[in-house]
Structures are given as structure tokens and as C-alpha cells.
Amino acid sequence: MTTHRCAACMRALVAGTDDTICPGCVARLCAVLAELPRQLPLLEELLYPSGGPAQRGSVGRAHSPLPVRLDILDLLGPGHVVPRQDVPGDQAEGVPIAPLLHGWARYVAQSYPRVHHDQHGTAHVTRGDAEPVSRRGTDVPSWCAWLLAYAPYVAMQDWAADMLEQLEQLLARIRAKTDGGPARTTRDAPCPVCTGFALASRDGQPVILCEACGTSLTEAEYAQHAAAVLPALTHLAVRLVLADRSEAGERRVPA
Ligand SMILES: [Zn+2]
Ligand SMILES: [Zn+2]
């Protein structure tokens, strides 16, 4: 029997699931969609560079300086709706936030099956002609909330890993400007896949990510894994420390 693996982090999926990505990667997707709206005010603060006092003796400029930072405008500004394949955009910083989110919402809406009944009561399933409708509005928080609501559906699609990758790249671009994201905490247990001590989580996000191999775990999966491996590791560490001490003690004994 072939083992199905998470299309994003390659961890084995539980048998019988229809999902193409693991629960940890679904949690990652939800965490990105929850963080994007929180990054917006930070980006907006950076949009207008603070006008410092005029410097004496400075050489004249051929053009007056732009009143906004173009790299930030590239992220916040309008742009083309982006289909699933990320076409190289004309924006220096890649596709802006809102068009990327709207592009994915459109992709979800058009692949989502819609059932309607004809006058004979026969059910017909159609796809392809729907535009996403968000009652909240058409801004970034609205599309994030809309996509969050469809996360269980997205998790079953063969393009779920593509969506996660594009949204994580977008968040990485934003964090590079805003200097951050939630505080990072390293976790004690080693990664269950690569055994490296590289598991870390971000404050308020329900996902633990291996920074060495990309494996994602939910909090519940991590708690179960840590309970299984940490007692033995702690025992081993204590033995190593005690052995080290007794060796140091022996060295102090005169010959
Ligand atoms: Zn995964
Ligand atoms: Zn790992």
C-alpha cells in the first residue's frame, strides 16, 4: 500500500484522509491568513517615510523625493488578480497582497462544486462560473476571513500546497519589511521526521514548524510526540551530566 504524503511538508498522511496536506500544514495556512491582516497596519506605517530636516550643504536633487516608499506600495497597492500559476508580475516586489488573496478566492470559488436542482428535481453539479462574494468587503482582512472559512475545502485540493507556498512567500516578504511577526519560541523535542532540534513556533499560532526540514505539527501532535520522546531524552541528558561530573571528580583525585 502506498503511503500518501503531505504535498507541502512530505510527512505521511493518516490513511483514509481526503486531504492533500497534513493537519500541521492546514494550521500553517490558517496561521498565515490570520497574521496577514495584523501585518497591514505595520506596513501602512512604513508607507510614508518620515521627512527629516533638510540637511545643510546637501547636493541638490534632479527630482523631488517620492512621498511614499515604492517597495511598500508594491505590497499594498492594487494589481492584477493572480491565477493559480504565479505569472511574473510587473511589480518589483511581486504580486501585492490584495490581488494575490482575491486571485486565490476566485480560484476556490470557481473550483467549488455548486449543486442546483432543475424543474424535475434532478441535481446538477456545476463549477467554474462563480465569483467569490465576501459580505465583509473586498479588503485584505475580508479575503483572509473568506479563505479561512474555506480552509477545510482547500486542504482536500491538489493545489493546497501551492496556495500555502505562495501565501507564506508573501508573508515572508512582508515580515522582511515590518521586521518581525510574532515572537519565535524554540521547542525542546527533536523533529519527528529529521530528528534535528529545529522545532519552533510563533506566539499565538497553533503550528510548530521544523526549520530544518519543513515538517509541520499541530500543538496536539507536538504534545503527543514530546510526551513520547522527552522523558527518555531528559533521562539521557541527566546521565551524561552525571557521568561528566564524576569524570571531572576523578581527575581531581591525586595519583
Ligand atoms: Zn504537512
Ligand atoms: Zn525536521
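Residues numbered from 1 in each chain as written. Chains lettered and ligands numbered in written order. Predicted model: local features only at pLDDT ≥ 70, side-chain atom pairs only at ≥ 80, totals over all residues. Heavy atoms only, no water.

A. Spatial organisation of the overall build of the chain. Within the chain, the secondary structure is distributed over seven helices and six strands. Put simply, the chain runs from its N terminus to its C terminus through helices and strands in the order α-α-α-β-β-α-α-α-β-β-β-β-α. Counting only residues that meet the buried cut, the chain has 34% of its 255 residues in that class. Counted over contacts in the chain with a minimum sequence separation of 6, partners at least 24 positions apart contribute 51%. (Helix = DSSP H or I, 4+ residues; strand = E, 2+ residues; numbered from the N terminus. Buried < 20%, exposed > 50% of the residue type's maximum accessible area, 1.4 Å probe, protein only. Contact = heavy atoms within 4.5 Å.)

B. The coordination of the zinc ion (ligand 1), seen in detail. Protein-derived ligands of the zinc ion (ligand 1) are C6 (SG), C9 (SG), C22 (SG) and C25 (SG), with the metal-ligand distances lying across 2.3 to 2.4 Å. Because the angles between the four donor atoms bound to the zinc ion (ligand 1) fall within 106 to 116°, the donor set is best described as tetrahedral. Mapping the donors of the zinc ion (ligand 1) onto the primary sequence gives the spacing C-x2-C-x12-C-x2-C. Taken together, the positions of C9 in the segment before α1 (23-47) and C22 in the segment before α1 put the pair 13 residues apart, joining distant regions of the chain. The exposure class of C9 is buried, given its relative accessible area of 7%. (Donors = N, O, S within 2.8 Å, 3.2 Å for Na, K, Ca; no water. Tetrahedral: all angles 85-135°; square planar, octahedral: opposite > 155°, others 65-115°.)

C. Local environment of the layout of surface pockets. Approximately 360 Å³ is the volume attributed to the largest pocket. Forming the boundary of the largest pocket are 17 residues, of which E168, R175, R202, Q205 and L209 lie nearest the centre. Of all elements in the fold, only α1, α6 (160-178), β4 (199-202) and β5 (207-210) reach the threshold of two or more residues within the lining of the largest pocket. Taken together, the residues of the lining of the largest pocket break down into eight nonpolar, two polar and seven charged. Of the domains in this structure, domain 1 (1-48 + 68-181) and domain 2 (182-255) are the two that each give at least three residues to the lining of the largest pocket. (1 Å grid on protein atoms, 1.4 Å probe; cavity = no way out; pocket = protein on both sides within 12 Å on 5 of 7 lines; lining within 4 Å. Points joined across faces, edges and corners; volume = space filled by probe spheres on them. Nonpolar A, V, L, I, M, F, W, Y, C, P; charged D, E, K, R; others polar. Domains from an automatic or database assignment.)

D. Region of the structure containing the sheet that holds β4. The four strands are arranged β3-β4-β5-β6 in an open sheet whose pairing can be described as antiparallel. Either end of the sheet is taken by a strand with one partner, and the two such strands are β3 (184-186) and β6 (216-218). Direction aside, neighbouring strands of the sheet carry axes that sit 30° apart on average. In the sheet, β3 pairs with β4 via three bridges, with the strands oriented antiparallel. Paired with T185 across the bridge in β4 is S201. Of the strands in this sheet, β5 and β6 touch α1, which is tilted by about 85° from β6. (Pairing = 2+ DSSP bridges. Axes fitted to C-alpha atoms, helices over the stretch in contact; angles between N-to-C directions.)

E. A look at the coordination of the zinc ion (ligand 2). Protein coordination at the zinc ion (ligand 2): the donors are C191 (SG), C194 (SG), C210 (SG) and C213 (SG), at 2.3 Å from the metal. For the zinc ion (ligand 2), the four donor atoms in the first shell make angles of 107 to 114° at the metal, a pattern classed as tetrahedral. When the donors of the zinc ion (ligand 2) are listed by position in the chain, the intervening gaps give C-x2-C-x15-C-x2-C. Note that C191 is positioned in the loop between β3 and β4 and C210 in strand β5, a separation of 19 residues in sequence. An identical accessibility class is assigned to C191 and C210; each is buried.

F. Quick peek at α1. Helix length check: α1 (25 residues) gives 36 Å between terminal C-alpha atoms against 36 Å at 1.5 Å per residue, within 8%. Residue Q39 marks the point of greatest curvature in α1, where the axis turns by about 30°; the proline P41 follows within four residues. (Expected span 1.5 Å × (residues − 1). Bend = angle between axes of the 7 residues up to and from the residue.)

G. Layout of the pairing of β4. For β4 and β5, the ladder comprises three bridges, and the chain directions are antiparallel. Paired with S201 across the strands is I208, a residue of β5.

H. Region of the structure containing the pattern of salt bridges. Across all of its chains, the model carries eight salt bridges by this definition. Measuring nitrogen to oxygen at the nearest pair gives 2.7 Å for the salt bridge that ties E211 to R184. Note that E211 is positioned in the loop between β5 and β6 and R184 in strand β3, a separation of 27 residues in sequence. Look at E211 and you get partly exposed, because its relative accessible area is 49%. Look at R184 and you get partly exposed, because its relative accessible area is 44%. Across the pair E219 and R187 runs a salt bridge, and its minimum N-O distance is 2.8 Å. With a gap of 32 residues between them, E219 in helix α7 (residues 219-252) and R187 in the loop between β3 and β4 connect regions that are remote in the sequence. Look at E219 and you get partly exposed, because its relative accessible area is 34%. In this structure, a network of salt bridges that share partners links the residues R69, D71 and K177. (Salt bridge = Lys/Arg side-chain N within 4 Å of Asp/Glu carboxyl O.)

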